[in-house]
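# Overview (structure and organization)
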Amino acid sequence: MMSETEVQKSGRVERTVVRVLQVLMLVIFGLGVYYGNSGVFVNAGVGLLVTLLPGVLKRRYDFTMNVGIVLWISVAMFLHAFGTLPLPGLDFLSPYKAVWWWDHMTHALSSSLVAGAAYAVTRALMEHTEYINMPPRFMFAYLLVFVMAFGVLWELLEFYIGVVSQLLGAEEVLTQYGLDDTVLDLMYNTLGGLLVAIFGTAHLTGISDQLRGRLEGTSTDR
């Protein structure tokens, strides 16, 4: 068990890491704009906005996320943005192309975020209404199916973005590397959901409780 001082120190370190990752994503965004690479600056820009969302929710709605969860989000967004960053004239050295496991790692991380969000929202609804009830085993299966379905939709999105980009002669914002890679992506998506279903749900209780509070407040207002 960590002491209160150790917890505060750990929180400060995690917040510092989040800020560093945000600055790095801003740098990646700037490099993408400088070199005219839409794939880089779009992915970095979207990732940066996602990492800023917890702060916006806290300021506007007093909705607080644990700093560890914010770090989890920031790491996932940074690794994806960094993976799209090629060296000038050396596109083949970008992590997504040069490191065989990079794409699988980012898919597992991203799908774990999807599973976490699905769990928090579903648990809040379960606590808010008597009409939704999922036993632990059913919740486990539900998270896996949800992540797998989301992964299929994402792969379709990547495919159609690639088709439209080719038709327009534009750079691909998202890239699909073939059928074998798609199957592996879906496997690692499932792995990310599985890890959250087994180990991560306990860390998401605070978020689901806040969501339930918001739902109850909305119902009272009505």
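Residues numbered from 1 in each chain as written. Predicted model: local features only at pLDDT ≥ 70, side-chain atom pairs only at ≥ 80, totals over all residues. Heavy atoms only, no water.

### Details of the packing of helix 2 (residues 38-61) against helix 3 (residues 67-83)
Under the convention used in this document: Fitting a line to C-alpha atoms yields each axis, with helices limited to the stretch in contact; the angle taken between N-to-C directions then spans 0 to 180 degrees. Helix and strand labels come from DSSP, where a helix needs a run of H or I of at least four residues and a strand needs a run of E of at least two; each type is numbered from the N terminus. For this classification, under 35 degrees means roughly parallel, over 145 means roughly antiparallel, 65 to 115 means roughly perpendicular, and everything else is oblique. Working rule for contacts: check all heavy atoms of both residues, and any pair within 4.5 Å makes them a contact. Nonpolar residues are Ala, Val, Leu, Ile, Met, Phe, Trp, Tyr, Cys and Pro. Charged residues are Asp, Glu, Lys and Arg, and all others, Gly as well, are polar.
Packing of helix 2 against helix 3 brings their axes to within 9 Å, and their N-to-C directions diverge by 175 degrees. In terms of orientation, helix 2 and helix 3 fall into the roughly antiparallel class. Residue-level inspection shows N43, A44, G47, V50, T51 and P54 of helix 2 in contact with helix 3, the latter providing V70, I73, S74, M77, H80 and A81. Considering only residue class, the contact of helix 2 with helix 3 consists of 7 nonpolar, 5 polar and no charged.

### Regarding the pattern of salt bridges
We apply this condition: By convention in these notes, a salt bridge is any Lys or Arg side-chain nitrogen within 4 Å of a carboxyl oxygen on Asp or Glu. For every residue, the accessible area obtained with a 1.4 Å probe (protein chains only) is divided by the maximum for its type, and the residue is called buried under 20%, exposed over 50%, and partly exposed between those limits.
Within this structure, the stated rule accounts for 2 salt bridges. Among the ionic pairs, R123 bridges to D209, the shortest N-O distance being 2.9 Å. Residue R123 is located in helix 5 (residues 102-128), and its partner D209 is located in helix 8 (residues 205-221); the two are separated by 86 residues in the primary sequence. By relative accessible area, R123 is classed as buried at 17%. Exposure remark for D209: the relative accessible area of 30% places this residue in the partly exposed category.

### Looking at the environment of F78
With respect to the helices and strands, F78 occurs in helix 3. Judged by its relative accessible area of 15%, F78 is buried. Sequence separation of F78 and Q22 is 56 residues, and the distance between their C-alpha atoms is 7.7 Å. When sequence neighbours within four positions are dropped, the list of residues in contact with F78 reads L21, L24, M25 and I28.

### A closer look at the UniProt feature "transmembrane region" (unreviewed entry) in the protein
To keep things clear, this is the line we draw: UniProt positions are given in the numbering used here, feature names are shortened, and annotations may be inferred rather than shown by experiment.
Taken from the UniProt record, the annotation "transmembrane region" (unreviewed entry) applies to residues 16-34, 40-57, 69-87, 107-126, 138-157 and 186-205. The annotated region residues 138-157 carries 100% helix and 0% strand content, and the separation between its end C-alpha atoms amounts to 28 Å.

### Describing the packing of helix 3 against helix 5
Rule in force here: Crossing handedness is defined as follows: a turn of the near helix away from the far one that is anticlockwise and smaller than a right angle gives a left-handed crossing, while the clockwise case is right-handed.
At a closest axis distance of 10 Å, the pairing of helix 3 and helix 5 adopts a crossing angle of 145 degrees. Like other packed secondary-structure pairs, helix 3 and helix 5 cross with a definite hand, here left-handed. For the pair formed by helix 3 and helix 5, the contact residues are W72, I73, A76, M77, L79, H80, F82 and G83 on the first element and W102, M105, T106, L109, S112, L113 and G116 on the second. Residue classes in the contact of helix 3 with helix 5 are distributed as 10 nonpolar, 5 polar and no charged.

### Let's talk about a positive patch on the surface
The criterion, for reference: Each patch groups residues whose relative accessible area exceeds 30% and which form no salt bridge, using 9 Å between like charges and 5 Å between nonpolar side chains of Val, Leu, Ile, Met, Phe, Trp and Tyr. For the area figures, the Shrake-Rupley method with a 1.4 Å probe applies, and any residue is considered shielded solely by the protein chains shown. In this tally Asp and Glu are treated as negative and Lys and Arg as positive; neither His nor the chain ends contributes. Throughout, a charge is located at the NZ atom of Lys, the CZ atom of Arg, the CG atom of Asp or the CD atom of Glu.
On the surface, R12, R15, R19 and R59 cluster together into a patch of positive charge. When you line up the elements, R12 lands in helix 1 (residues 4-34).

### Here's the deal with the side chain of T122
Relative to the helices and strands, T122 is located in helix 5. Assessed through its relative accessible area of 7%, T122 is described here as buried. Setting aside chain neighbours within four positions, we find T122 in contact with M134, M139 and Y142.

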